[in-house]
Amino acid sequence: MGTTSRVILCLAAAGCCALGLSLGGGTGGAATRPPVRPPTGPSVRPPAGPRVGPNVPPLGDAALRPEVRDLRVLVVGDSWGGTLGNGMEKLANAAPDRHIVVVKAARGGCGIMQPAKVVISNQLVAKPECNDWPEFWRGLVARVRPDAVLLETGIYDAHTRQQLPGQDGPTSISDPVFRTRFGAQVDRAVRVLGSGGARVFLTTVTDLAKPYWNEVNGRWSNLMNAALRAAAARDPGVRLLDLHGQLCTGDRDCPRVISGIDVYDETGHPTPAARDRLAAWLLNAIHADLHAHAS
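Owing to the predicted nature of the structure, the values given are computational and were not obtained by experimental measurement.

1. What to know about the overall build of the protein
- A tally of regular secondary structure across the protein gives seven helices and 13 strands.
- Going through the 295 residues of the protein one by one, you find that 55% of them count as buried.
- When contacts within the protein are restricted to residue pairs at least 6 apart in sequence, long-range pairs at least 24 apart make up 78% of them.
- Working note: accessible area of the protein is about 12200 Å², and carbon and sulfur atoms make up 54% of it.

This is the structure in structure tokens:
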């Protein structure tokens, strides 16, 4: 998916400096977003124009709800986690009286599969910098002490062919062995991220944006969402937020323009306007869930 994005920022509140981190409430630089690279396959959807009518995805929330405050969220995962974390941080910075802290630690171009190699530009390439997430996240949880953790993963692992340890060649989410390993990796990630008592939130994945959508990666998104739903069902402490439902209709139409808002940028990630609405939806949903289970 691209070179791993890195930002160096001092976590003053945590009393440390860390690589790849940004603490909301301060001035954080936006991470470089690698393009989403689709698998090859025939395009089956025409370009979309502005949408009208009742069957339109909601595209997040227009703003934070008044009651959303006093919240510390750690965001980890792939480049979509970086994009959405930027939006969550922006909202936190815009309302300092709400005391919302967003700690961004997503890594673009990294999933959770810990593969031996991944396919990039039709070449098998080792990416060892992505594979230390268990230790990296465990240290983050101990330092940040979040109320909630958003694990935004699945886009990269759904759409990247990877050679798993012990395999002779690359495979994908269409392989049952790959799906079994992904499920085990999600379970492991949830244990690490919830080790300090934080609730862990997963999201479904959207289909790739047009013109990247094709029949192959449409099936891969379905398989990934089934795996994420199964992971959430296995652990009563995990919440699954339907990001796909914010961007796509029930018949899996994922328009590039929703209610006059351009949804995707040239890399296939949310535009700033779409990102900010999705960020508001995420913070609203996380806060509502935490307080529903606290009462």
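2. As for the sheet that holds strand β9 (residues 162-163)
- With antiparallel pairing, the three strands of this open sheet are ordered in space as β7-β6-β9. Since the sheet does not close on itself, it has two edges, and those belong to β7 (123-125) and β9, each with one partner.
- In the sheet, strand β6 (residues 117-120) pairs with β7 via three bridges, with the strands oriented antiparallel. Residue V119 lies in a different strand from β7, and its bridge partner there is L124.

3. Observations concerning the pattern of salt bridges
- According to the stated counting rule, one finds eight salt bridges in the structure shown.
- Close ionic contact of R69 with D70 constitutes a salt bridge, the shortest N to O distance being 3.5 Å.
- For R69, a relative accessible area of 31% corresponds to the partly exposed category.
- With a closest N to O distance of 3.0 Å, R199 and D289 form a salt bridge. In this pair, R199 is assigned in strand β10 (residues 199-203) and D289 in helix α7 (residues 272-294), connecting sequence segments 90 residues apart.
- Note on D289: relative accessible area 14%, which makes it buried.

4. Examining the packing of helix α2 (residues 133-144) against helix α4 (residues 176-193)
- Put simply, α2 and α4 touch, their axes get as near as 9 Å, and they point 25° apart. Classified by the angle between their axes, α2 and α4 sit roughly parallel to one another. Crossing geometry of α2 relative to α4 is assigned as right-handed. Between α2 and α4, the contacting residues are W133, P134, W137, R138 and V141 on the first element and Q185, R188, A189, V192 and L193 on the second.
- In terms of residue class, the contact of α2 with α4 is made up of seven nonpolar, one polar and two charged.

What counts and how
- Position labels on residues start from 1 in each chain and follow its written sequence.
- In keeping with the model being predicted, local features are shown solely for residues with a pLDDT of at least 70 and side-chain atom pairs are shown and tallied solely at 80 or more, while totals for entire chains, interfaces and linings include all residues.
- Each side-chain value is worked out from all heavy atoms of the structure, with water and hydrogens disregarded.
- Strands here are runs of E lasting at least two residues and helices are runs of H or I lasting at least four, both read from the DSSP assignment and numbered beginning at the N terminus.
- Exposure is judged per residue with a 1.4 Å probe applied to protein chains only, and the accessible area is read against the type maximum: over 50% gives exposed, under 20% gives buried, and values in between give partly exposed.
- Note on contacts: a residue pair is in contact if any heavy atoms of the two residues lie within 4.5 Å.
- Per-residue and other accessible areas follow the Shrake-Rupley method at a 1.4 Å probe size, with only the shown protein chains counted as cover for residues.
- Following DSSP output, two strands are said to pair if at least two bridges run between them.
- Salt bridges, as used here, are contacts in which a Lys or Arg side-chain nitrogen is within 4 Å of a carboxyl oxygen on Asp or Glu.
- Between the N-to-C directions of two axes lies an angle of 0 to 180 degrees, each axis being a line fitted to C-alpha atoms and, for a helix, fitted only over the stretch in contact.
- An angle counts as roughly parallel when it lies under 35 degrees, as roughly antiparallel when it exceeds 145, as roughly perpendicular when it falls between 65 and 115, and as oblique in every other case.
- A clockwise turn of the near helix away from the far one marks a right-handed crossing, whereas an anticlockwise turn of less than a right angle marks a left-handed crossing.
- Any residue outside Ala, Val, Leu, Ile, Met, Phe, Trp, Tyr, Cys, Pro, Asp, Glu, Lys and Arg is labelled polar, Gly included; the first ten of those are nonpolar and the last four are charged.

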